[in-house]
Amino acid sequence: MLSRGAANGWALRGAALAGGQQRPPPFRGLRASPRMRSAMPSWVIDRYGRNDVLRFTRNMVFPIIHFPNEVIIKVHAASLNPIDLSMRSGYGATALNMKRDPLKLKSEDTEFPLTLGRDVSGVVMECGLAVSYFKPGDEVWAAIPPWKQGTLSEFVVASGNEVSFKPKCLSHTEAASLPYVGLTAWSAVNQVGGLNQSNCSGKRVLILGASGGVGTFAVQLLKAWGAHVTAVCSHDASTLMKRLGADDVIDYKSGNLEEQLKTLPLFDFILDNVGGSTEKWALDLLKKWSGATYVTLVTPFLINMDRLGVADGMLQTGFTVGSKTVKHLLKGVHYRWAFFMASGPSLDEIAELVDSGKIQPVIDEVFSFSEVPKAFQKLEGGHARGKTVINVISKK
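Values in this document were obtained by computation on a predicted structure and should not be read as measured data. (Residues numbered from 1 in each chain as written. Predicted model: local features only at pLDDT ≥ 70, side-chain atom pairs only at ≥ 80, totals over all residues. Heavy atoms only, no water.)

**Looking at the pattern of salt bridges**
Right, on to step 1. Scanning the entire structure with this criterion turns up 15 salt bridges.
Right, on to step 2. A salt bridge links Lys-378 to Asp-364; the nearest nitrogen and oxygen atoms lie 3.0 Å apart. Note that Lys-378 is positioned in helix α13 (residues 372-380) and Asp-364 in strand β14 (residues 363-368), a separation of 14 residues in sequence.
Right, on to step 3. Assessed through its relative accessible area of 30%, Lys-378 is described here as partly exposed.
Right, on to step 4. Between Lys-378 and Glu-365 there is a salt bridge, with its nearest N and O atoms 3.8 Å apart. You can see Lys-378 sitting in helix α13 and its partner Glu-365 sitting in strand β14, a full 13 residues away along the chain.
Right, on to step 5. Given a relative accessible area of 30%, Glu-365 falls into the partly exposed group.
Right, on to step 6. Salt bridges linked by common partners bring Arg-50, Arg-88 and Glu-380 together as one network. (Salt bridge = Lys/Arg side-chain N within 4 Å of Asp/Glu carboxyl O. Helix = DSSP H or I, 4+ residues; strand = E, 2+ residues; numbered from the N terminus. Buried < 20%, exposed > 50% of the residue type's maximum accessible area, 1.4 Å probe, protein only.)

The following block contains the structure:
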């Protein structure tokens, strides 16, 4: 099988040859659905708010391929993440709308009806003209960026570089629980934190908020790479943390968390899924002047843009992260922000870890497609031990 890069190279080379022979190109590289469908079942919102804004429709516009590197996926399973709750309430709307239509070219100045859901596991139905790495019928998984229409639909369109082959050992329901949290953890640990299989062995890592979706994935990833992992969670999640491989488990409810952690040896890396007051003292737990890094996933970036507008929000965000970075660098530690980043190549690496048995899905409950509002209520209740998954092809 061609590698992802090689496949794309051959596609571009073929396009160039075709151009050299002056073959008439397809009109703008666009394709409609092979079944010529115009609508599909979907869960959408028409305004921001609480759970009552969720609406089921059978008339959501069927996705089409606008760019030659896109694919249409038949969704077999999806899953919910905290960002879905936040987006339902309007979080990040200013930044996401700018990303959706940066030049203000759309005739309708609205993002609605909007489909939520970021994770997908399903089957490729159609490929754009430049896609040669996938073909119709391939079983794939992906995490769709939040500015695109989501996966709580019968079909979804994605860029080919956001998609990866589904791990062979997982069902679609199991696979749908991993892409968004896996890529978020991968971004924080590998791309921002600089940890990988070759440099992680023996490093002491602290994970704050270890029992959530990102935390459970990060525990397994870092253990697969040979790190010593200390997981912070509530007592009822301690058995799960031990099962996933955590070396030490700290119950944040059993006493002053800062004092408990100060009794342990210093850390090389801290992943903070909690934010808030933890940032005020967590960096004191790092080894000074050794390259130790603190990475937080709780940032004010989207909130600043919602509150201050695009320009002032970006300015405020830049000032905040810059000043904190310099402040902590002078103390001998690195301070970083991390975000979810869609990446098919990263999912390729994650799939290898899953198929080798080093990472397993952690699922709290599976809901049918008709129960999406109930699944949102479950997630909103908090304290889930694993992911909330939607079986989209369920007939219930």
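**So, the nonpolar core**
In summary, soluble globular proteins display a tendency toward joint burial of nonpolar side chains.
Right, on to step 1. Core analysis: the largest hydrophobic core is formed by 81 residues, its most contacted members being Leu-152, Leu-222 and Met-241.
Right, on to step 2. Here this core gets seven residues from one element, more than from any other, and that element is helix α5 (residues 179-192).
Right, on to step 3. Setting aside chain neighbours within four positions, we find Leu-152 in contact with Ser-42, Trp-43, Ala-78, Leu-80, Thr-115, Leu-116, Gly-117, Phe-369, Val-372, Phe-376 and Ile-390.
Right, on to step 4. In terms of nonpolar packing, the next biggest core, distinct from the first, is built from 18 residues, Phe-267, Leu-285, Leu-286 and Ala-292 among them. (Core = buried A, V, L, I, M, F, W, Y, C linked by side-chain atoms within 4.5 Å. Contact = heavy atoms within 4.5 Å.)

**Considerations on the packing of α5 against helix α6 (residues 213-224)**
Right, on to step 1. Where α5 contacts α6, the axes come no closer than 8 Å and their chain directions differ by 60°. Viewed along their axes, α5 and α6 adopt a mutual orientation that is oblique. For the element pair α5 and α6, the recorded crossing hand is right-handed. Together, Val-181, Gly-182, Thr-184, Ala-185, Trp-186 and Val-189 of α5 and Gly-213, Val-214, Phe-217, Ala-218, Leu-221 and Leu-222 of α6 make up the contact between the two elements.
Right, on to step 2. Each residue belonging to the contact of α5 with α6 can be placed in one class, and the counts come to nine nonpolar, three polar and no charged. (Axes fitted to C-alpha atoms, helices over the stretch in contact; angles between N-to-C directions. Parallel < 35°, antiparallel > 145°, perpendicular 65-115°, else oblique. Left-handed = near helix turned anticlockwise from the far one by under 90°. Nonpolar A, V, L, I, M, F, W, Y, C, P; charged D, E, K, R; others polar.)

**Here's the deal with the side chain of Thr-216**
Right, on to step 1. Position of Thr-216 among the secondary structure elements: in helix α6.
Right, on to step 2. Looking at Thr-216, its side chain comes within polar contact range of the main-chain oxygen of Gly-213, at 3.0 Å.
Right, on to step 3. Once you skip the residues sitting within four places of it in the chain, Thr-216 turns out to touch Ala-210, Ser-211, Leu-240, Met-241, Leu-244 and Val-362. (Polar contact = N/O pair within 3.5 Å; in protein donor to acceptor, adjacent residues only side chain to side chain.)

**Concerning α5**
Right, on to step 1. For α5, the principal kink sits at Trp-186 and spans about 30°.
Right, on to step 2. Of all the 14 residues making up α5, eleven are buried; the element is thus mostly covered by neighbouring parts of the structure.
Right, on to step 3. Turning to α5, its buried residues number three or more, namely Pro-179, Tyr-180, Val-181, Gly-182, Leu-183, Thr-184, Ala-185, Trp-186, Ser-187, Ala-188 and Val-189.
Right, on to step 4. Downstream of α5 by a residue or two, Gly-194 has a phi angle that is positive, lying close to 80°. (Bend = angle between axes of the 7 residues up to and from the residue.)

**Quick word on unusual backbone geometry**
Right, on to step 1. Here the residue pair Phe-112 and Pro-113 is connected by a cis peptide bond, since its omega of -5° sits within 30 degrees of zero.
Right, on to step 2. Of note in this structure, Trp-289 is not a glycine but carries a positive phi near 55°.
Right, on to step 3. Structurally, Trp-289 can be placed in the loop between α9 (278-282) and β12 (293-296).
Right, on to step 4. Trp-289 sits in the exposed class, given a relative accessible area of 65%.

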